[in-house]
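Structure at a glance
These are the residues of each chain, in order.
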Amino acid sequence: MKTTISQVSKYVGQNVTIGTWLANKRSSGKIAFLQLRDGTGFIQGVVVKAEVSEDIFAKAKSLTQESSLWVTGTVREDERSPFGYELSITNIEVINESVDYPITPKEHGVEFLMDHRHLWLRSKRQHAIMKVRNEIIRATYEFFNNNGFVKIDPPILTGTSAEGGSELFHTKYFDEDAYLSQSGQLYMEAAAMALGKVFSFGPTFRAEKSKTKRHLIEFWMIEPEMAFVEHIENLEIQEQYVSYIVQAVLTNCKLELSTLGRDISRLEIIKPPFPRITYDEAIKLLKKKGFDDIEWGEDFGAPHEAAIAEEYEKPVFITHYPAKIKAFYMKPDPNRSEVVLCADLIAPEGYGEIIGGSQRIDDLDLMKQRYDEHNLTGGSYEWYLDLRKYGSVPHSGFGLGLERTVAWITGAEHVRETIPFPRLLNRLYP
Ligand code: 4AD
Ligand code: MG
């Protein structure tokens, strides 16, 4: 019976054949333990000299790391293994022999692993992180579909900047200038006026010269946008969504979280409501915590975010930032026009900002004023004003960075491990 490692629980006591790779091996004169993987999971195969032909035992002992194999054996329950099953091997057929696989069980430096990312992905830890990433994506679609959102795909090649000019990737679009999308938001606002509640999920690009553990040049963003939704409701949807994906990972990725050694008690408590503090309160808190030179009007850096997050077990919303340090489209607080109806969501345990969102300006004259202040000249922004001209409504949205969210949930130190092929300041290979 041909099956996969993920399905072996259905075949206890039966003989199965699985297409695998040899992840690792340990052997003595009488027994060989093969760590096998097939993409769906990892299982230990046991070859006992007394139970197989001499030929098979000799083959098992000589197998090299990452050789591909058809392995046949009997499925046994095994309480000692975290996976719960092992395979008593009766036959091994080598499909392709792998010679001198570069990533050995010994420790390797990060740059070496990054140069071999195409192979590093096969390791148990990277496998677990990719499975969690997939579960977050799956739960994202489930959450938004269950809540009446329509998936909309904004363009990647754009004529304008959504989040500020300096971080744009420039390219030629025949005779015109074009930019890789920094955010689909402006287009999602148009879509919200057509479909009510919408969300996007796609790659976004920032030509940022930042070399930190939280910055990628190409990252994936989930961007919901909602007509008739104001600031507070926007925050409620965010805390429900973030809680939903964390709980989905806890339910569906138990083995992966255990492989990663993640402290799940820190995740189990992630349920609405999340704490909220204003920017003003955050400034006071930072001063109290020894950041003496932070002034009202300055943006927060990673150390500030970490110091604020430290005060809370759950992600914390920082709301009402000064308008001058936020994007041109954010709606001013009607009671205090120097701050905007926005929030950044800061993950616990020092993972930093995972969401940026706001209520959007819906007044045409104010938006025109912002265009002047921000020099948004030329025809390419013209269409965005139409959304304020023809049936403008209050609306809000946000963007969740997938990789930073995966880093937080998996406990990965650096976002480079949370995307299959990271694009970093100094890395376009492999
Ligand atoms: O805060 P940002 O820049 O917000 C926007 O782009 C809005 N237009 C979103 C919206 O309202 N629709 O980015 C949103 C999130 C950040 O909180 C962060 O998680 C992630 O995107 N992000 C990055 N992730 C990895 N590498 C980078 N260079 C990132 N820049 C932003
Ligand atoms: Mg932001």
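In what follows, the structure referred to is the one given above.
About the thresholds
- Residues numbered from 1 in each chain as written.
- Chains lettered and ligands numbered in written order.
- Predicted model: local features only at pLDDT ≥ 70, side-chain atom pairs only at ≥ 80, totals over all residues.
- Heavy atoms only, no water.
- Patch = residues over 30% accessible without salt bridge, like charges linked within 9 Å, V, L, I, M, F, W, Y side chains within 5 Å.
- Areas by Shrake-Rupley, 256 points an atom, 1.4 Å probe, with all protein chains shown as cover.
- Salt bridge = Lys/Arg side-chain N within 4 Å of Asp/Glu carboxyl O.
- Buried < 20%, exposed > 50% of the residue type's maximum accessible area, 1.4 Å probe, protein only.
- Core = buried A, V, L, I, M, F, W, Y, C linked by side-chain atoms within 4.5 Å.
- Contact = heavy atoms within 4.5 Å.
- Near = heavy atom within 4 Å.
- Polar contact = N/O pair within 3.5 Å; in protein donor to acceptor, adjacent residues only side chain to side chain.
- Helix = DSSP H or I, 4+ residues; strand = E, 2+ residues; numbered from the N terminus.
- Nonpolar A, V, L, I, M, F, W, Y, C, P; charged D, E, K, R; others polar.
- Pairing = 2+ DSSP bridges.
- Axes fitted to C-alpha atoms, helices over the stretch in contact; angles between N-to-C directions.
- Phe/Tyr/Trp six-rings, centres within 6.5 Å; stacked < 30°, edge-to-face > 60°.
- Lys NZ or Arg CZ within 6 Å of the ring centre and 35° of its normal.

**Notes on a nonpolar patch on the surface**
- Taken together, the side chains of L157, Y173 and F174 define a hydrophobic patch exposed on the protein surface, amounting to about 370 Å² of accessible area.
- The exposure class assigned to Y173 is partly exposed, which follows from its relative accessible area of 38%.

**Things to note about the nonpolar core**
- Formed by 57 residues in total, the largest nonpolar core has its most connected members in I136, F144, Y241, V242, W408 and I409.
- Not counting the four nearest positions on each side in its chain, I136 is found in contact with I245, V249, L402, V406 and I409.
- Counting 32 residues, the second-largest nonpolar core is a separate cluster that includes A162, A282, C342 and L387.

**Looking at the site of ligand 1**
- Neighbouring ligand 1 are 21 residues, the closest being E163, Q185, R206, E223 and E353.
- Q185 places a polar side-chain atom, nitrogen or oxygen, 2.7 Å from a nitrogen atom of ligand 1.
- The side chain of E223 places a nitrogen or oxygen atom 2.6 Å from a nitrogen atom of ligand 1.
- Across the complex, the protein chains shield 93% of the 630 Å² of accessible surface that ligand 1 would expose by itself.
- When contributions to the shell around ligand 1 are tallied by element, the ones reaching two or more residues are β11 (218–227), β17 (352–359) and β18 (395–401).
- Per-element tally for the shell around ligand 1: the top contributor is β17, with four residues.
- Residues of the shell around ligand 1, tallied by class, amount to seven nonpolar, six polar and eight charged.

**Details of the sheet that holds strand β10 (residues 197–205)**
- Ordered by their spatial adjacency, eight strands build an open sheet running β6-β10-β11-β18-β17-β16-β13-β12, and the pairing between neighbours is mixed. Lying at the two open borders of the sheet, with one neighbouring strand each, are β6 (150–151) and β12 (276–278).
- Relative to β17, strand β16 (residues 342–347) is paired through six bridges, and the arrangement is antiparallel. Across the sheet, the residue bridging to I346 is E353, located in β17.
- Contacts from helix α13 (residues 402–410) reach β10, β11, β16, β17 and β18 within the one sheet, and its direction differs from that of β18 by about 60°.

**Quick word on α13**
- Within α13, eight of the nine residues are buried, leaving the element largely enclosed by the surrounding structure.
- Those residues of α13 not exposed but buried are L402, E403, T405, V406, A407, W408, I409 and T410.
- G411 occupies a position one or two residues after α13 and carries a positive phi of about 80°.

**Comments concerning the packing of aromatic side chains**
- Evaluation of the coordinates by the stated rule reveals 24 aromatic pairs.
- On the basis of an interplanar angle of 70° and a centroid distance of 4.8 Å, the ring pair of F144 and F149 is categorised as edge-to-face.
- The class for F144 is buried, based on a relative accessible area of 0%.
- Ring geometry for F144 against F199: centres 5.0 Å apart, planes inclined by 25°, an arrangement best described as stacked. A residue pair is termed long-range when its members are at least 10 positions apart, and F144 in helix α4 (residues 124–146) and F199 in strand β10 qualify at 55 residues. The pair F144 / F199 is uniform in exposure class, with both members buried.
- Taken together, Y141, F143, F144, F149, F199, F201, W220, Y241, Y244 and F398 form an aromatic cluster joined through their ring pairs.
- Cation over ring: K326 sits above Y321, and NZ or CZ is 4.2 Å from the ring centre.

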